[in-house]
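Observations on the model geometry
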Amino acid sequence: MRARHTFTAAIVGLRIGQAILLPDTWRPVAKGISLIIFHAGGTSGFIPGALLIFKSHLKTGDYHGDMNFLNYKKRLTEQLIPSLLPRSVLIIDNAPYHNVQINKPPTKNSTKAEMTEWLTINNVPFAENMLKVQLYDLINANKSPEKNVVIDNIMSEHGHSVLRLSPYHPDLNPTDHR
């Protein structure tokens, strides 16, 4: 959350574990400072123990260096999952760190070496003299139709599931309203 997107009176007592959000008070208040806010809520309100707020250390405007897959996975496993009710559903957007795949198949823009490495790891026979387009056809014929996403696996191991928002639909994601 950029400071210019925060509320003048919306974040009260800004300390780890405490934030009070007041409705209908969107007003730009400053520029430059970015806050990373990790929290979750449900039908009963915010989940106790799931809040994390910290100031971004980056000046580029892209917070992904601060909240990346490793940070997200740590917060998910150490803070959020222990606080969830049984059989909860985590609704997330399509940020890259939410969608890290296990054994991600190469794309048509991958190098030939990346393609042959994936085929070898997945025990798919191929000829060394095959062209990239032929290797890519083999990859498509042998890749799983379902993505194997790390976060989905972690949630499933704890009896929870994941639902992703449709990409490019800011109306479904309040954080995308700018």
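What counts, and where the lines are drawn
Residues numbered from 1 in each chain as written. Predicted model: local features only at pLDDT ≥ 70, side-chain atom pairs only at ≥ 80, totals over all residues. Heavy atoms only, no water. Helix = DSSP H or I, 4+ residues; strand = E, 2+ residues; numbered from the N terminus. Buried < 20%, exposed > 50% of the residue type's maximum accessible area, 1.4 Å probe, protein only. Polar contact = N/O pair within 3.5 Å; in protein donor to acceptor, adjacent residues only side chain to side chain. Arc of directions from axis to C-beta. Contact = heavy atoms within 4.5 Å. Axes fitted to C-alpha atoms, helices over the stretch in contact; angles between N-to-C directions. Left-handed = near helix turned anticlockwise from the far one by under 90°. Nonpolar A, V, L, I, M, F, W, Y, C, P; charged D, E, K, R; others polar. Core = buried A, V, L, I, M, F, W, Y, C linked by side-chain atoms within 4.5 Å. Phe/Tyr/Trp six-rings, centres within 6.5 Å; stacked < 30°, edge-to-face > 60°. Parallel < 35°, antiparallel > 145°, perpendicular 65-115°, else oblique.

Examined against the element boundaries, Ser144 turns out to sit in the loop between helix H3 (132-142) and helix H4 (150-157). Accessibility expressed as a relative area gives 47% for Ser144, which makes it partly exposed. In sequence terms Ser144 and Pro105 are 39 residues apart; their C-alpha atoms lie 8.8 Å from each other. Polar contacts involving the side chain of Ser144 include one to the main-chain carbonyl oxygen of Glu146, which spans 3.1 Å.

When we look at burial in helix H1 (residues 69-80), the residues that qualify are Phe69, Tyr72, Leu76, Gln79 and Leu80. All buried residues of H1 fall inside an arc of 145° around its axis, so they share one side. In H1, those exposed residues whose orientation departs by more than 90 degrees from the buried face are Leu70 and Glu78. As for H1, its buried residues are in contact with strand E1 (35-38), strand E4 (52-55), strand E5 (89-92) and H4. Between a side-chain oxygen at the N-terminus of H1 and the backbone nitrogen of Leu70 the separation is 3.2 Å; the capping residue is Asn68.

Attention shifts here to the packing of helix H2 (residues 112-121) against H3. Relative orientation of the contacting elements H2 and H3 amounts to 35°, with a least axis distance of 10 Å. The chirality of how H2 crosses H3 is left-handed. Residue-level contacts link Lys112, Met115, Thr116, Trp118 and Leu119 of H2 to Lys132, Leu135, Tyr136, Leu138, Ile139 and Asn142 of H3. Residues belonging to the contact of H2 with H3 are distributed by class as follows: seven nonpolar, two polar and two charged.

Core analysis: the largest hydrophobic core is formed by 21 residues, its most contacted members being Tyr72, Leu76, Leu80, Leu90, Ile151 and Met155. Residue assignment for this core shows that the elements contributing at least two residues are E1, H1, E5 and H4. Not counting the four nearest positions on each side in its chain, Leu76 is found in contact with Phe38, Ile81, Pro82, Leu90, Ile151, Ile154 and Met155. Counting seven residues, the second largest nonpolar core, distinct from the first, contains Met115, Met130, Leu135 and Ile139.

What follows concerns the packing of aromatic side chains. Applying the stated rule across the entire model yields one aromatic pair. Summarising the aromatic geometry, the rings of Tyr72 and Tyr97 are spaced 5.5 Å apart at their centres and angled 50° between planes, so their arrangement reads as tilted. In this pair, Tyr72 is assigned in helix H1 and Tyr97 in the loop between E5 and H2, connecting sequence segments 25 residues apart. This pair shows no difference in class: Tyr72 is buried, exactly as Tyr97 is.

A separate point is the packing of H1 against H4. Viewed as axis vectors pointing N to C, H1 and H4 meet at an angle of 10°, and their least axial separation amounts to 11 Å. The orientation of H1 with respect to H4, classified from their angle, is roughly parallel. Residues Phe69, Tyr72, Lys73, Leu76 and Thr77 of H1 pack against Val150, Ile151, Ile154 and Met155 of H4. Taken together, the residues of the contact of H1 with H4 break down into seven nonpolar, one polar and one charged.

Another point: the side chain of His160. Take His160: it is sitting in the loop between H4 and strand E6 (161-164). Among the polar contacts listed, one links the side chain of His160 to the backbone oxygen of His158, at a separation of 3.4 Å. If we ignore the near neighbours within four places in the chain, the residues touching His160 are Ile81, Leu84, Leu85, Pro86, Arg87, Ser88 and Met155.

Purely spatial values, then, with no claim about function.
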